[in-house]
Each structure stands twice: as structure tokens, then as C-alpha cells.
Amino acid sequence: SAVISQKPSRDICQRGTSLTIQCQVDSQVTMMFWYRQQPGQSLTLIATANQGSEATYESGFVIDKFPISRPNLTFSTLTVSNMSPEDSSIYLCSVAMDTEAFFGQGTRLTVV
Amino acid sequence: EDKVVQSPLSLVVHEGDTVTLNCSYEVTNFRSLLWYKQEKKAPTFLFMLTSSGIEKKSGRLSSILDKKELFSILNITATQTGDSAVYLCAVDPRGTYKYIFGTGTRLKVLA
């Protein structure tokens with residue numbers, strides 16, 4: 001299994017600003033992912049964070065809005081840029097190990 | 001289009017009841033199906049299923065997969081108030097670990 005530390009755990013931000021969420025894993029992992037969970041909805045995959053190359057985004061998500069960094073095999077960041085109230089969600093980082101997916105504690109973002 | 005559908009959307013039961021949660025899927029190149037429990041923010045892993053007909057069991061929880069009919073069930077016996085949560089089903093459609101999640105079943109267990 002993997003222990004994933006994600007921070008901040010929650011934040012309230014002004015519209016138009018940006019927030020960077022950090023995800024630290026206690027072991028080296030190849031596959032890291034970022035998910036969004038809008039209020040009352042299930043998890044939707046935003047992108048795959050690739051070490052040493054640009055992230056791979058899912059349909060409906062773009063790099064300008066959700067830039068991702070992956071400087072090494074244990075760390076990644078997701079930035080939510082130019083925020084609007086529609087970005088209010090829980091953001092979760094995830095790693096895949098042995099065909100299982102493990103999740104960080106999540107970041108609850110509220111945009112006002 | 002790949003999709004995962006869970007039912008019911010919500011359920012209210014009393015302590016001691018047995019519940020069955022359903023997850024059906026339509027995906028290409030099925031690899032695995034996972035069940036999670038989500039109480040606050042982070043989903044916690046319950047089961048991973050890859051083969052049909054083999055029951056996975058952990059205490060009062062059990063789950064089984066039917067790859068022919070493309071569904072899975074999660075059973076919880078002798079429910080407790082601590083079982084109150086959203087239960088999520090996720091499928092890996094192409095063996096890429098990019099899981100597709102269902103909308104979840106919100107379970108509330110009353111004392």
C-alpha cells in the first residue's frame with residue numbers, strides 16, 4: 001500500500017486567484033493521478049501526472065486551467081488557476097500500485 | 001462510451017439490516033473493479049475484483065463479480081451506524097489505472 005499526504009486539506013479562495021495542491025507519496029510510484037469530485041457527484045479524472053514529461057489530460061480538462069507538475073516519483077502538484085465558484089470541489093490525488101488505487105486525504109476547495 | 005452505474009442512489013436502513021449495493025458497467029477491455037467507502041473526503045479501499053464468481057470477504061462486507069452479466073454487488077450484513085457512508089464502485093476500462101467511478105450509493109444506517 002501507499003501513504004499519501006495531501007495539502008492543504010481545505011481552503012477558501014477568492015475568484016480569479018489560483019491554488020496549488022501538493023501530493024507526497026511515501027514510496028516511488030509510476031502512476032499518479034488527479035481527480036475532482038464536485039458537490040454531490042462522483043470522482044472524475046482530471047489528468048495523469050507523468051514524471052519527466054507533460055501531464056496527460058482527460059477530455060474537458062486543459063493544462064492552462066489545471067497545470068500539473070511531477071518533478072520526481074514521489075511528488076506532484078495540481079494548480080487550479082483563475083478560479084470561479086464552479087471550481088468548488090474536492091480534489092484528490094491518487095496513486096496506482098498493484099492494480100489498486102490509493103487516495104490522498106483530499107483538498108476541499110471553496111471559491112467565493 | 002465507458003460507464004459505471006450504481007444503484008440505488010441512496011438507502012436508509014436500521015442497524016442489523018442486511019444491504020446489497022449494485023454496480024453495473026459497460027467498458028472496453030475490463031481489467032478490474034474496485035469498491036470504496038467514502039465517509040468524508042478520501043475514499044478508502046474495500047475490495048478489488050478481477051475474476052467472476054469468487055467472493056471477496058472482509059468481516060461483515062463481501063463482494064462478488066459477474067463478468068458475463070457485467071455487474072458486481074457489495075453486501076453488508078448486520079449493518080452498524082458506522083457503515084453510513086457513500087460506497088463507490090470503480091472500473092479500470094483499458095488496463096491503464098484510469099478508473100471510471102460510479103455515482104455512488106449513499107447509505108445511512110439508523111440506530
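See the structure shown above.
Reading the values: the criteria
- Along each chain, the written sequence defines residue order, and numbers are assigned to residues from 1.
- Whichever chain is written first is A, and whichever ligand is written first is 1; the rest continue in order.
- Where totals are concerned, whole chains, interfaces and linings use all residues; where local detail is concerned, this predicted model gives features only for residues with pLDDT of at least 70, and gives and counts side-chain atom pairs only at 80 or more.
- To obtain the side-chain values, all non-hydrogen atoms of the structure were included, while hydrogens and water were left out.
- Two strands pair under a simple rule: DSSP has to find at least two bridges between them.
- Put simply, DSSP H or I for four residues or longer makes a helix, DSSP E for two residues or longer makes a strand, and each gets a number counted from the N terminus.
- Axis angles are defined between N-to-C directions and span 0 to 180 degrees, where every axis is a line fitted to C-alpha atoms and, for a helix, only to the segment in contact.
- Ring geometry is summarised as follows: Phe, Tyr and Trp rings, the Trp one being its six-membered ring, pair when their centres sit within 6.5 Å, and such pairs are stacked at plane angles under 30 degrees, edge-to-face over 60 and tilted between the two.
- Using a 1.4 Å probe on the protein chains alone, a residue whose accessible area is under 20% of its type maximum counts as buried, one over 50% counts as exposed, and one in between counts as partly exposed.
- The criterion used for residue contact is that any of the two residues' heavy atoms lie within 4.5 Å.
- Here's the idea: put two parts together, see how much 1.4 Å probe accessible area each one loses, and the total over both is what we call buried area.
- The term salt bridge refers to a pairing of a side-chain nitrogen on Lys or Arg with a carboxyl oxygen on Asp or Glu at a separation within 4 Å.

Visitor: Can you walk me through the sheet that holds strand 1 (residues 3–7) of chain B in this structure?
Guide: As a general point, the strands of a sheet are linked pairwise by backbone hydrogen bonds and lie either parallel or antiparallel. Residue and element names in this part refer to chain B. Strand order in the open sheet formed by 5 strands is 1-3-8-7-6, and the pairing between neighbours is antiparallel. Pairing within the sheet leaves two strands with one partner each, and these edge strands are strand 1 and strand 6 (56–58). Neighbour-to-neighbour, the strand axes of the sheet open up by a mean angle of 15°, direction not taken into account. Looking at chain direction, strand 3 (residues 19–26) and strand 8 (residues 71–76) are connected through 6 bridges and run antiparallel. Its bridge partner being in strand 8, V19 is matched across the sheet by I76.

Visitor: I would appreciate a short explanation of the packing of aromatic side chains in the present structure.
Guide: Two aromatic rings, taken as a pair, are described by how far apart their centres are and by the angle between their planes. Scanning the model with the defined rule gives 9 aromatic pairs over all chains in all. Plain terms: the ring middles of Y35 of chain A and F101 of chain B are 5.6 Å apart, the flat faces sit at 85° to each other, and that makes the pair edge-to-face. Note that Y35 of chain A is positioned in strand 4 (residues 31–37) and F101 of chain B in strand 10 (residues 100–101), a pairing that runs across two chains. Note on accessibility: Y35 of chain A and F101 of chain B belong to one class, buried. Between Y25 of chain B and F30 of chain B the ring centres are 4.9 Å apart and the planes differ by 20°, which places this aromatic pair in the stacked class.

Visitor: Hey, could you run me through the pairing of strand 8 of chain B in this one?
Guide: All names here are of chain B. Taken across its 6 residues, strand 8 has 5 buried, putting it largely inside the fold. The pairing of strand 7 (residues 61–66) with strand 8 spans 6 bridges and is classified as antiparallel. By the bridge assignment for strand 8, L65 is matched with S72. In this structure, the hairpin formed by strand 7 and strand 8 is closed by a connection of 4 residues, where L70 is found at a positive phi of approximately 60°.

Visitor: What should I look at first to understand the interface of chain B and chain A in this one?
Guide: Interface size is commonly expressed as the accessible surface area that is lost when the partners come together. At the interface, 19 residues of chain B touch 23 residues of chain A. With both sides pooled, the region where chain B packs onto chain A buries about 1,700 Å², and carbon together with sulfur makes up 59% of that total. When residues of chain B are sorted by the area they lose upon contact with chain A, K41, Y97 and K98 of chain B head the list and together hold 39% of the total. Taken together, the connections running from chain B to chain A amount to 1 salt bridge. Here E58 of chain A ties to K98 of chain B by a salt bridge, and the two come within 3.5 Å at their closest N and O atoms.

Visitor: What's the story with the sheet that holds strand 7 (residues 68–72) of chain A in this structure? I'm lost.
Guide: Residues and elements named next belong to chain A. What the 4 strands build is an open sheet, ordered 1-3-8-7; its pairing is antiparallel. Every interior strand has two partners, whereas the edge strands, strand 1 (4–7) and strand 7, have only one. Each strand axis lies, on average, 15° off the axis of its neighbour in the sheet, ignoring direction. Looking at chain direction, strand 3 (residues 19–25) and strand 8 (residues 75–80) are connected through 6 bridges and run antiparallel. Residue pairing for strand 8: I21 is matched across the bridge by L78.

Visitor: Would you explain the side chain of D87 of chain A in this entry?
Guide: Tracing the sequence through the fold places D87 of chain A in the loop between strand 8 and strand 9 (89–97). Excluding anything up to four places from it in sequence, D87 of chain A contacts K65, F66, V80, S81, N82, L109 and V111 of chain A.

Visitor: Any chance you could explain the pattern of salt bridges here in plain terms?
Guide: Side-chain pairs of opposite charge can arise whenever the charged atoms involved come near each other. Across all of its chains, the model carries 4 salt bridges over all chains by this definition. Among the ionic pairs, D87 of chain A bridges to K65 of chain A, the shortest N-O distance being 2.6 Å. Taken as a pair, D87 of chain A in the loop between strand 8 and strand 9 and K65 of chain A in the loop between strand 6 (56–57) and strand 7 lie far apart in primary sequence, 22 residues in all. A salt bridge links R60 of chain B to D83 of chain B; its shortest N-O distance comes to 2.8 Å.

Visitor: I would appreciate a short explanation of the pairing of strand 9 (residues 85–92) of chain B in the present structure.
Guide: As a general feature of sheets, a regular strand has side chains that alternate between the two faces. Residues and elements named next belong to chain B. Counting buried residues in strand 9 gives 8 out of 8 residues, a clear majority hidden from the surface. Both faces of strand 9 are covered, namely the face carrying A85, Y87, C89 and V91 and the face carrying V86, L88, A90 and D92. Two elements, strand 4 (residues 32–38) and strand 9, share 7 bridges in a ladder whose sense is antiparallel. The residue bridging W35 from the neighbouring strand is C89, located in strand 9.

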